[in-house]
Amino acid sequence: MWIRMLSAVGLAKVLRVAPTPVVAPASHVNLETVRAVIVNRMHVLRAYTSSVTLPVFKAELQAARGNLTRRVKKLLVRQPVLLDDKSHAKLNEVLASEWARARRSEESLALIMIDIDYFKPYNDHYGHGLGDDCLRQVAAVLAEALPRGGDLAARYGGEEFAAILPACDVDGAVAVAERIRAGIAQRRIAHAASITAAHVTISAGCASTLPEPEDPHTGLVAAADAALYEAKRSGRDRVCAA
């Protein structure tokens, strides 16, 4: 309500630092560009906060600046890929939280389900020690491929991983999944027991939605899982989208 009382110049300054997203779609993120945009907007907001004399306006703007600072820290600090026994539960917890946040902010939320192709034969052929090392290498590629601090990847169970991408549409999710698939292929992890390739490959299913109040987040999981099944049914070593 108070924003209607600002001058035209003041309003223009506020609009340049307020609700517009500070992060590009996941498929086109350049962290240096993101940092530059964020720093510029924070400088403008700090300068404008200092120039406001009315206490109410100043309090509102200082609160906005604090919120922006907290969002920046979250966006620029990448999350580790979770591999322990609690990773599935943590992923579900974060997914439920991001679902609620996306519903409030009316933003899309994307999920990628990833499966290491023929991982059981890999374990049988090379042993569980190398199997665990393969999981760690896949996790490392996921960590490199997820461009934003708000993204989270975790082992979903067995040879399956999942990645949560807030404020991302299905095209962005597919681009990230293709980056993960290419990264795994480039590592050339030998896989003599695979009938898809001589090295480890992954299949991935992507889904994205704009959460509705009555929709449970399990629908997004089911859609991504169905897309993963299609990728495996179609020959593996590929990405499919719901």
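Below or above, wherever it landed, is the structure these notes cover. (Residues numbered from 1 in each chain as written. Predicted model: local features only at pLDDT ≥ 70, side-chain atom pairs only at ≥ 80, totals over all residues. Heavy atoms only, no water.)

## With respect to the packing of aromatic side chains
Okay, so step 1: Overall, the coordinates contain two aromatic pairs when judged by the stated rule.
Okay, so step 2: One aromatic cluster in this structure is built from F119, Y122 and Y126.
Okay, so step 3: The ring of Y118 has R236 lying over it, and the distance from NZ or CZ to the ring centre is 4.2 Å. (Phe/Tyr/Trp six-rings, centres within 6.5 Å; stacked < 30°, edge-to-face > 60°. Lys NZ or Arg CZ within 6 Å of the ring centre and 35° of its normal.)

## Examining the environment of T201
Okay, so step 1: Note that T201 resides in the loop between α7 (170–187) and β4 (202–209).
Okay, so step 2: A C-alpha to C-alpha distance of 6.3 Å links T201 and I184, two positions 17 residues apart in sequence.
Okay, so step 3: Ignoring any residue separated from it by four or fewer positions in sequence, one finds T201 in contact with D115, I116, D117, I184, T196 and D237.
Okay, so step 4: Within polar-contact distance, the side chain of T201 engages the side chain of D117 at 2.6 Å. (Helix = DSSP H or I, 4+ residues; strand = E, 2+ residues; numbered from the N terminus. Contact = heavy atoms within 4.5 Å. Polar contact = N/O pair within 3.5 Å; in protein donor to acceptor, adjacent residues only side chain to side chain.)

## Quick word on the side chain of H191
Okay, so step 1: Counting through the fold element by element, H191 comes out in the loop between α7 and β4.
Okay, so step 2: Residues contacting H191, with those up to four places away along its chain left out, are D117, Y118, P121, Y122, Y126, A197, A198, H199 and V200.

## A closer look at helix α8 (residues 218–233)
Okay, so step 1: Over its 16 residues, α8 extends 22 Å from the first C-alpha to the last, a length consistent with the 22 Å expected when each residue adds 1.5 Å.
Okay, so step 2: By the burial criterion, the buried members of α8 are L220, V221, A224, A227, L228 and A231. In an axial view of α8, the angular spread of the buried residues amounts to 130 degrees, which keeps them on one side of the axis. Exposed and oriented more than 90 degrees from the buried face of α8 are Y229 and R233. (Expected span 1.5 Å × (residues − 1). Buried < 20%, exposed > 50% of the residue type's maximum accessible area, 1.4 Å probe, protein only. Arc of directions from axis to C-beta.)

Bear in mind that shape data such as this cannot, by itself, settle questions of function.
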